[in-house]
Amino acid sequence: MKKKLMAMLSTFILVAVLVLPASASAAVYVPPFEPDSASNPHIFSAGDWSFPTLTPGDKDYFKFTNTFSYTRTYTLIVDSPDGFNYVPGSINATGVQLINPVVQEFGYYRYDIVCNPGAVVNIEIGAQISGYSPNTYFIVII
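Residues numbered from 1 in each chain as written. Predicted model: local features only at pLDDT ≥ 70, side-chain atom pairs only at ≥ 80, totals over all residues. Heavy atoms only, no water.

S.K.: Describe the pairing of strand β3 (residues 60–65), with residues and values.
M.R.: Each regular strand carries side chains that alternate between the two faces of the sheet. Sheet analysis places strand β1 (residues 42–44) next to β3, joined by 3 bridges and oriented parallel. Across the sheet, the residue bridging to His 42 is Phe 62, located in β3. In terms of strand pairing, β3 meets strand β6 (residues 108–127) through 6 bridges, oriented antiparallel. Directly across from Asp 60, in β6, lies its bridge partner Ile 125. (Pairing = 2+ DSSP bridges. Helix = DSSP H or I, 4+ residues; strand = E, 2+ residues; numbered from the N terminus.)

S.K.: So what about the nonpolar core? Which residues, and what values?
M.R.: Phe 64, Leu 76, Ile 113, Ile 123, Ile 125, Tyr 137 and Ile 139 are the most contacted members of the largest nonpolar core, which totals 24 residues. For this core, the secondary-structure elements that each account for two or more residues are β3, β4 (72–79), β5 (86–105), β6 and β7 (138–141). A total of 8 residues in this core trace back to one element, the largest contributor, which is β6. For Ile 123, the contacting residues outside a window of four places in its chain are Asp 60, Tyr 61, Phe 62, Phe 64, Leu 76, Ser 90, Ile 91 and Ile 141. Counting 5 residues, the second-largest nonpolar core is a separate cluster that includes Ile 77, Tyr 108, Val 140 and Ile 142. (Core = buried A, V, L, I, M, F, W, Y, C linked by side-chain atoms within 4.5 Å. Buried < 20%, exposed > 50% of the residue type's maximum accessible area, 1.4 Å probe, protein only. Contact = heavy atoms within 4.5 Å.)

S.K.: Provide a residue-level description of unusual backbone geometry, including the pertinent values.
M.R.: Between Glu 34 and the following residue, Pro 35, the backbone shows a cis peptide bond with an omega angle of -5°. With respect to the element layout, Pro 35 can be found in the loop between α1 (2–23) and β1.

S.K.: Lay out the packing of aromatic side chains with the relevant residues and their values.
M.R.: Inspection of the entire model under this criterion finds 8 aromatic pairs. Their ring planes at 40° and their centres at 5.3 Å tell us that Phe 68 and Tyr 70 sit as a pair that is tilted. Accessibility expressed as a relative area gives 30% for Phe 68, which makes it partly exposed. For Tyr 70, a relative accessible area of 44% corresponds to the partly exposed category. These aromatic residues form a ring-pair network of at least three members: Tyr 29, Trp 49, Phe 51 and Phe 138. Over the ring of Tyr 74 we find Arg 72, and its NZ or CZ is 4.5 Å from the ring centre. (Phe/Tyr/Trp six-rings, centres within 6.5 Å; stacked < 30°, edge-to-face > 60°. Lys NZ or Arg CZ within 6 Å of the ring centre and 35° of its normal.)

What follows is the structure, given as structure tokens:
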């Protein structure tokens with residue numbers, strides 16, 4: 001529980017330090033919608049976040065593109081409701097140099113993704129053995 005609290009605290013500090021001063025006007029909340037699919041994902045930009053839910057058998061899909069003219073490292077964070085384990089089941093990308101799993105703990109996942117200009121990253125989130133919660137989970141790309 002202490003690890004989970006520290007991970008959540010570090011997530012919010014990271015968001016506050018990196019997102020708010022650097023791109024406060026650009027970062028937006030992306031409202032979840034259903035049905036989403038690999039061909040109809042939630043579209044994210046740097047700094048965007050969402051609080052979607054999963055239902056039994058459901059998966060959520062997200063997509064973002066490095067629109068900058070330089071290679072850039074993005075951080076993907078997925079934080080599940082307490083007692084549940086929602087995982088990035090697949091991260092498929094084109095134009096990416098590296099996908100580095102920084103933290104992989106039950107209910108909390110963080111990846112650093114090094115993207116060349118124009119790189120496209122597709123993310124699929126699903127529930128692992130833990131089942132499903134009526135509560136939302138948190139996803140952010142910074």
